[in-house]
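# Understanding the architecture of this molecule
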Amino acid sequence: MSAIHHTSAWANLARQVKTIAAREGWPCHRCGNPIDYTLSGMHRWGPQVEHTIPATLAPDLAHDPRHLAVSHRTCNQRHGARLGGKIAQKRRRGTPPTPPPPGSSRRW
């Protein structure tokens with residue numbers, strides 16, 4: 001988790017987004033299933049506010065509500081581990097992401 005998430009500004013923004021999402025019944029940004037907004041954000045199926053563009057890749061957009069969504073904690077963590085961690089680590093080191101091998105496809 002980046003330092004962006006350890007600020008009162010982030011906590012307030014996340015709380016506002018969750019309140020709107022609960023009132024309007026937003027589904028999970030990742031899987032599309034309903035979210036139980038009565039659950040804690042620490043519960044595996046509880047709501048978590050996430051960045052649609054990883055904050056490590058675009059820190060200037062981290063507090064822009066247009067780039068925030070709500071997802072289940074499990075969905076958010078799964079996505080972050082698969083995408084954000086690998087790409088961000090390479091960007092911090094200054095190396096570009098490794099391209100896929102020739103002939104490979106992201107479609108299964």
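Attention here is on the structure that accompanies the text.

Conventions and cut-offs
- Residues numbered from 1 in each chain as written.
- Predicted model: local features only at pLDDT ≥ 70, side-chain atom pairs only at ≥ 80, totals over all residues.
- Heavy atoms only, no water.
- Disulfide = S-S within 2.5 Å.
- Buried < 20%, exposed > 50% of the residue type's maximum accessible area, 1.4 Å probe, protein only.
- Core = buried A, V, L, I, M, F, W, Y, C linked by side-chain atoms within 4.5 Å.
- Helix = DSSP H or I, 4+ residues; strand = E, 2+ residues; numbered from the N terminus.

### Structural notes on the state of the cysteines
Tallied over the full model, the rule gives 0 disulfides. Between C31, a cysteine without a disulfide, and C28, which holds the nearest cysteine sulfur, the sulfur-to-sulfur distance is 3.7 Å. Take C31: its relative accessible area is 35%, and that puts it in the partly exposed class. The structure places no disulfide on C75, whose sulfur is separated from the nearest cysteine sulfur, that of C28, by 3.8 Å. Note on C75: relative accessible area 8%, which makes it buried.

### Description of the nonpolar core
With 12 residues, the main nonpolar core is built from W10, L13, A14, V17, A21, C28, I35, Y37, V49, L68, V70 and C75. At the level of secondary structure, the elements contributing two or more residues to this core comprise α1 (8–24) and β2 (68–72). Broken down by element, this core gets its largest block of residues, 5 residues, from α1.

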